[in-house]
Amino acid sequence: MRASPADFLDVSAHFAPEDIAVRDSVARLVDEKVLPIIRECFEQHRFPGELVPHMASLGLFGAPLEGYGCAGLGSIGYGLISQELERGDSALRSFSSVQTSLCMFPLHRYGSEEQKQRWLPAMARGEVIGCFGLTESQGGSDPANIRTHARRQGADWVLSGSKMWITNGSLAHLAVVWAQTDDGIRGFLVERGMKGFEAREIGNKFSLRASVTSSLFFDDVRIPAANVLPGIVGLKGPLSCLTQARYGICWGVIGAAQACLAELLEYTASRELFGRRLAENQAIQIRLADMSRRISGAQLMALQLAQLKDRGAMTPAQVSMVKWNNCRMALDVARDCRDMLGGAGISAEHGPIRHMLNLESVVTYEGTETIHQLAVGRELTGYNAF
Ligand code: TGC
Ligand code: FAD
């Protein structure tokens with residue numbers, strides 16, 4: 001039997017039956033509900049909000065968290081959710097990453113019992129949508145220097161400043177916003193409708209067009225003490241959330257690359273040039289084989305990360321290496337697939353250009369490629385070159 005293009009090295013032999021069941025149920029959702037509409041969503045710059053209840057009914061939101069209506073999945077299961085969603089479109093994995101890793105995770109890890117009870121079950125049901133505000137216009141790579149700040153006023157806080165490039169910003173009912181205080185960086189739960197809080201969608205994106213990206217503005221927003229995350233002070237709060245989300249990306253981008261390769265295998269088997277199928281040419285086979293090699297390497301790295309994560313041994317620098325490797329792999333595969341489609345490759349009728357454009361964001365957000373290279377360099381040498 002020939003090897004599966006999606007899993008040449010049979011990496012899935014390491015998956016438990018429940019992980020495979022999760023993967024297959026998300027794959028069905030993507031095949032039946034995402035793929036038929038995603039091109040139109042991308043072209044129309046529209047987030048497919050109608051999919052949120054379907055994603056919630058499969059238990060995708062908060063999937064790796066325990067209790068509060070969350071599924072409590074292991075790391076491989078959570079990774080496979082990301083992989084399958086991103087096989088559909090990076091926008092859906094992005095939505096799910098933000099909801100799960102950047103909003104539900106900090107509530108679960110650093111929130112009060114009252115905050116957890118109030119928000120987590122409703123977020124797991126997809127009734128409350130979250131966003132995560134860390135990046136500011138003056139430089140997202142260096143979050144230690146954010147300028148948004150909060151000062152105490154009696155028992156409450158007053159929040160001022162702005163955030164930029166915030167996924168789900170204009171959709172969200174709840175924004176987890178990181179701000180400077182006299183004690184250090186703290187997390188604030190800013191609710192839609194609070195006086196002085198505004199979210200404005202960023203238009204004209206050529207990437208992640210099926211995702212909502214916004215700027216957030218805080219004009220002396222009064223935040224009750226009950227809306228401050230009590231369990232964390234300092235930059236390690238938001239950075240620990242990023243570690244979770246980056247982990248999901250390490251798996252997610254594999255799905256985008258698998259989708260591109262699958263489409264190219266079909267295309268090159270049917271298109272005839274110079275009297276033979278494109279797939280019969282050595283140069284084409286070498287390029288396809290090289291993609292399969294790169295995807296397989298990324299799968300093995302993601303699997304190793306999952307095993308480290310389940311043992312509680314995964315370090316931020318290890319996540320940096322895999323985020324860098326797997327995003328670069330997926331972007332290169334998508335670009336190469338675009339090229340092998342010839343002129344047709346610039347049309348949204350084919351998936352690779354949509355994935356390629358999306359991956360330009362994925363390689364940039366959650367830490368740019370350079371930031372992750374420098375994180376690995378710092379780990380190797382002991383010198384901080386940021
Ligand atoms: P540094 O000195 O390295 O660290 C400060 C403190 O944080 C601790 N720490 C971590 N803790 C938990 N998890 C991590 N990953 C951590 N990394 C660092 C560290 O131990 C230290 O703790 P302590 O107790 O000593 O204070 O901080 P630095 O200022 O040198 O920065 C390092 C650097 C450059 C790696 C960091 O700033 C960075 O990662 N920059 C990139 C920013 C970024 O990724 N932004 C992403 C914004 S969110 C987003 O893009 C969402 S997209 C969502 C989607 O649509 O999918
Ligand atoms: P900059 O930090 O200005 O970097 C510019 C360039 O300089 C990059 O190439 C970078 O690699 C390079 N560079 C930076 N420092 C160094 C150095 N020391 N040495 C060498 N080169 C360096 N943020 C959120 O908080 N929440 C979100 O939900 C969110 N969603 C996003 C969605 C999208 C679609 C996008 C595009 C971004 C999103 N972001 C979000 C922001 C994202 O995390 C930032 O764009 C990213 O961290 C980079 O920050 P920046 O854009 O300010 O670039």
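Counting of residues starts from 1 at the beginning of each chain's written sequence and follows it residue by residue. To label them, take the chains in the order written and letter them from A, then take the ligands in the order written and number them from 1. For a predicted model such as this one, the threshold for reporting local features is a pLDDT of at least 70, and the threshold for listing and counting side-chain atom pairs is 80 or more; totals across whole chains, interfaces and linings nevertheless cover every residue. Processing note: side-chain calculations cover all non-hydrogen atoms of the structure and skip hydrogens and water entirely.

**Concerning unusual backbone geometry**
Stage number 1. Of note in the backbone geometry, N204 takes a positive phi value of approximately 60° without being a glycine.
Stage number 2. Along the polypeptide, N204 turns up in the loop between β6 (197-201) and β7 (213-223).
Stage number 3. The rule is simple: take the accessible area with a 1.4 Å probe, protein chains only, and divide by the maximum for that residue type; under 20% is buried, over 50% is exposed, in between is partly exposed. Using a relative accessible area of 70% as the deciding quantity, one classes N204 as exposed. Helix and strand definitions here come from DSSP, where helices need a minimum of 4 consecutive H or I residues and strands a minimum of 2 consecutive E residues; each element is numbered from the N-terminal end.

**Section: the side chain of E369**
Stage number 1. Relative to the helices and strands, E369 is located in helix α11 (residues 369-381).
Stage number 2. Of the residues examined, E369 reaches a relative accessible area of 19% and is grouped as buried.
Stage number 3. In protein, a polar contact requires one atom able to donate a hydrogen and another able to accept it; more generally it is a pair of N or O atoms within 3.5 Å, and residues adjacent in sequence count only if both atoms are side-chain atoms. A polar contact of 2.8 Å, which involves the side chain of E369, links it to the side chain of R328.
Stage number 4. Apart from residues no more than four positions distant in its own chain, E369 is found in contact with W324, R328 and V363. Every residue pair with non-hydrogen atoms within 4.5 Å of one another is taken to be in contact.

**Here's the deal with the domain arrangement of the chain**
When the parts of a complex come together, some accessible area is lost, and that lost area is often taken as the interface size.
Stage number 1. What fixes the domain bounds is an automatic or database domain assignment. By the assigned domains, the chain splits into domain 1 (11-124), domain 2 (130-227) and domain 3 (236-381).
Stage number 2. On a C-alpha basis, the centroid separation for the pair domain 1 and domain 3 is 20 Å.
Stage number 3. In this complex, domain 1 contributes 27 residues to the contact, which on the side of domain 3 involves 35 residues.
Stage number 4. Throughout, the accessible surface (probe 1.4 Å) given up by two parts as they are put together, summed over both, is called the buried area. Around 2400 Å² of area is buried between domain 1 and domain 3 when both sides are counted, 64% of it from carbon and sulfur atoms.
Stage number 5. Taken as a group, F42, S75 and Q83 account for 22% of the area that domain 1 buries against domain 3, more than any other trio of residues on that side.
Stage number 6. When a carboxyl oxygen of Asp or Glu lies within 4 Å of a side-chain nitrogen of Lys or Arg, that pair is called a salt bridge. Between domain 1 and domain 3 we count one salt bridge in total.
Stage number 7. In this structure, the connection of domain 1 to domain 3 is made through nine residue pairs in polar contact (both at pLDDT 80 or more).
Stage number 8. The greatest single-element share of the side of domain 1 that touches domain 3, amounting to ten residues, is contributed by helix α4 (residues 75-88).

**Looking at the site of ligand 1**
Stage number 1. For each residue, the test is whether any non-hydrogen atom lies within 4 Å of the molecule or strand; if one does, the residue is near. In the vicinity of ligand 1 lie 26 residues, with S94, T243, R246, G367 and R378 positioned nearest.
Stage number 2. In this structure, an oxygen atom belonging to ligand 1 sits 2.9 Å away from a side-chain N or O atom of T167.
Stage number 3. With respect to ligand 1, the side chain of K236 contributes an N or O atom lying 3.4 Å from an oxygen atom.
Stage number 4. Every element with two or more residues in the shell around ligand 1 is listed here: α5 (90-110), α7 (236-270) and α11.
Stage number 5. At six residues, α7 tops the list of elements feeding residues into the shell around ligand 1.
Stage number 6. Think of it as three bins: nonpolar holds Ala, Val, Leu, Ile, Met, Phe, Trp, Tyr, Cys and Pro, charged holds Asp, Glu, Lys and Arg, and polar takes everything else, Gly as well. Residue classes in the shell around ligand 1 are distributed as twelve nonpolar, nine polar and five charged.

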